[in-house]
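# A structural walkthrough
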Amino acid sequence: MSLKLPAVGNSQILSVGSYRPKRLVPNSEIVDRIDSSDEWIQQRTGIQSRRFAGPDETIITMAQAACESALKRANLTIAEIDTLILATITYPFQAPSAATDLINVLGNPKAAAFDISAACAGFCYGVAMASDLVRTGSAKNVLVVGVEKISDFTDPDDRATAFIFGDGAGAVIIGRSDEARIGPVVWGSDADSRDAILLNPAYTEFRNSPDKGVSEIGWPNISQQGQAVYRWAVFTVSKVGIKALEAAGVRPDELGAFIPHQANMRIIESMAKEIKIPANVVIADDIRVNGNTSAASIPLAMDVLLEKHPHLHGTLALLIGYGAGLVFAAQVVQLPPKP
Ligand SMILES: CC(C)(COP(=O)(O)OP(=O)(O)OC[C@H]1O[C@@H](n2cnc3c(N)ncnc32)[C@H](O)[C@@H]1OP(=O)(O)O)[C@@H](O)C(=O)NCCC(=O)NCCS
């Protein structure tokens, strides 16, 4: 005896929305404490500035603003959303989830809601899950939001990280479609490199000294092995992008845009070269003004790109997320229609 299920359908991104904190922080505000310079940061990463959230700009308020913008553009109400997936690594509470707080604030406390922790790949993981929930009929309209307040977890005196990260939120709504508009995800881990990026450098100490109290270990801040992550992103993660194109049956010259995780402009340019992205494809470079916003970076970059280049609405884009874990995920999507 088997189940009587509807045929698997298709999914699409209906809209995108984002929120950027009000305070723009130029490199000049960061450099003194880490003995660096605007020139060094721009040359190594492309970053000119980032945004830091103020006390009134929380994970929930930033995500709420991004979701409300996406809802408006999709012409949907929150009552029509049946599932909320929230990707973050900087919500400072283990439970209840940020997603349940957010869905309550948005006004539909009965919808399914949960957090995922896949660092800078979190948004692409969320899109993959939302797409398959919609395709199989488990959900009708899914809000996927990536949101980070990394400034709360960054040591301003750490030369290896203080200049990289920023705060913000980006959201998409994924719903049904008559045609395939979200490709299969190509995802996975390199979990033997767990120590390459840590949001808790005291993790090893904690693991090795279970008798030490949490208060002795202190507040977690992000740390990373910059060069190892750089090489992994360019040489391993680029191949994931190539596989995602193949899985979707799309050639690089059929893309309108390339929207990889905004970690470093040099990584983005090297990835584009490895994947053989042609010169006419628009490459997201939001990193320059908004830094690395982890799970929020791809939807934030998508929103800015569509604002700057309205002709990209409805064209195909390759998304690639990667980060702490190490984890990665990539898919080809059709960018949402013009609202
Ligand atoms: C972080 C990153 C920009 C550092 O650049 P790098 O070229 O690897 O830098 P290194 O640590 O090898 O240091 C090179 C030199 O710059 C100096 N340096 C390091 N950090 C510096 C800083 N913040 N400002 C100025 N100089 C710095 C070092 O002292 C070293 O000097 P030396 O050559 O005289 O010894 C780069 O490794 C990177 O972007 N990695 C990927 C990180 C990433 O994307 N993480 C997020 C993934 S989700």
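Residues numbered from 1 in each chain as written. Predicted model: local features only at pLDDT ≥ 70, side-chain atom pairs only at ≥ 80, totals over all residues.

With that settled, the discussion passes to the nonpolar core. By size, the foremost hydrophobic cluster in this structure holds 112 residues, and its most contacted members are Cys 124 and Val 144. Mapped onto the domain boundaries, this core takes at least three residues apiece from domain 1 (10–177) and domain 2 (186–334). If we ignore the near neighbours within four places in the chain, the residues touching Cys 124 are Val 185, Ile 298, Leu 319, Gly 321, Ala 329, Ala 330 and Gln 331. (Core = buried A, V, L, I, M, F, W, Y, C linked by C-beta atoms within 7 Å. Buried ≥ 20, exposed ≤ 12 C-beta atoms within 10 Å, placed from the backbone. Domains from an automatic or database assignment. Contact = placed C-beta atoms within 7 Å.)

What surrounds the ligand is a group of 19 residues, the closest being Ser 36, Gly 226, Tyr 230, Ala 263 and Gly 323. Counting only elements with at least two residues in the shell around the ligand, the list comes to helix H1 (38–45) and helix H7 (226–248). For the shell around the ligand, the leading source of residues is H7, giving four residues. For the shell around the ligand, a count of residues per class yields nine nonpolar, eight polar and two charged. When residues are assigned to domains, the shell around the ligand turns out to be shared by domain 1 (10–177) and domain 2 (186–334), each giving three or more. (Near = placed C-beta within 6 Å. Helix = DSSP H or I, 4+ residues; strand = E, 2+ residues; numbered from the N terminus. Nonpolar A, V, L, I, M, F, W, Y, C, P; charged D, E, K, R; others polar.)

Domain annotation for the protein reports domain 1 (10–177) and domain 2 (186–334). Measuring from the centre of the C-alpha atoms in domain 1 to the corresponding centre in domain 2 gives 14 Å. Every contact between the two is made by 45 residues of domain 1 and, on the other side, 44 residues of domain 2. Of all the secondary-structure elements, those providing two or more residues to the side of domain 1 that touches domain 2 are strand E1 (10–19), strand E3 (49–52), helix H4 (122–135), strand E6 (142–148) and strand E7 (168–177). For the side of domain 1 that touches domain 2, the element with the most residues is H4, which contributes six residues. Counted by class, the side of domain 1 that touches domain 2 contains 23 nonpolar, 15 polar and seven charged residues.

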